[in-house]
Amino acid sequence: MAFGDSFLNCLGLKNELCSAEFRVSLFGQEGALISGVKKIAEISEKKVSFLTAKKKISVIGEGLKITSYGEKEVAVCGKITDISVENAR
């Protein structure tokens, strides 16, 4: 069970959102938890990008670093200023 699943269960949203290809949970500007990740596409202090089955998710900011990388789930910390989602090529 992914970290965010317990929150979805409490809100009664587990069934509605369980089919989503990926999930991004933002914790203020200090961190993000992304699930559904297949691999890291790009990594620097200003931009970290991940590939899911069909999308590319980019986290943009300052002092970014991956603090946890597990089975389909990754945590990014630093000052996050933007998150973008685009079709993967």
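Everything below is about the structure shown above.
Residues numbered from 1 in each chain as written. Predicted model: local features only at pLDDT ≥ 70, side-chain atom pairs only at ≥ 80, totals over all residues. Heavy atoms only, no water.

Enquirer: How should the pattern of salt bridges be read in this particular structure?
Expert: In a structure, side chains of opposite charge can pair up when their charged atoms sit close to one another. Throughout the structure, instances matching the rule amount to 1 salt bridge. For Glu42, the salt bridge is made with Lys47, and the minimal N-O distance between the two is 4.0 Å. Look at Glu42 and you get partly exposed, because its relative accessible area is 31%. Taking the relative accessible area as the measure of exposure, Lys47 reaches 28% and is therefore partly exposed. (Salt bridge = Lys/Arg side-chain N within 4 Å of Asp/Glu carboxyl O. Buried < 20%, exposed > 50% of the residue type's maximum accessible area, 1.4 Å probe, protein only.)

Enquirer: What am I meant to see in the nonpolar core here?
Expert: Note that soluble globular proteins tend to have their nonpolar side chains buried in a common cluster. Within the largest apolar cluster, 11 residues are counted, these being Ala32, Ile34, Val37, Val48, Phe50, Ile57, Val59, Leu64, Val74, Val76 and Ile80. Listed by contribution, the elements that provide at least two residues to this core are strand 2 (31–35), strand 4 (47–51), strand 5 (55–70) and strand 6 (73–87). (Core = buried A, V, L, I, M, F, W, Y, C linked by side-chain atoms within 4.5 Å. Helix = DSSP H or I, 4+ residues; strand = E, 2+ residues; numbered from the N terminus.)

Enquirer: Before we go on, may I ask you to explain the environment of Thr81 in this structure?
Expert: Relative to the helices and strands, Thr81 resides in strand 6. For Thr81, a relative accessible area of 49% corresponds to the partly exposed category. Sequence spacing of Thr81 and Gly28 is 53 residues, and the spatial spacing of their C-alpha atoms is 9.9 Å. Residues contacting Thr81, with those up to four places away along its chain left out, are Gln29, Ile60 and Gly61. (Contact = heavy atoms within 4.5 Å.)

Enquirer: Whenever I open this one, the side chain of Thr52 confuses me. Can you help?
Expert: Structurally, the position occupied by Thr52 is in the loop between strand 4 and strand 5. On the basis of relative accessible area, Thr52 is assigned to the buried category, the value being 5%. Side chain to side chain, Thr52 and Glu21 meet in a polar contact 2.4 Å long. When sequence neighbours within four positions are dropped, the list of residues in contact with Thr52 reads Glu21, Phe22, Gly36, Lys38 and Ile57. (Polar contact = N/O pair within 3.5 Å; in protein donor to acceptor, adjacent residues only side chain to side chain.)

Interpretation in functional terms is not warranted from these geometric data alone.
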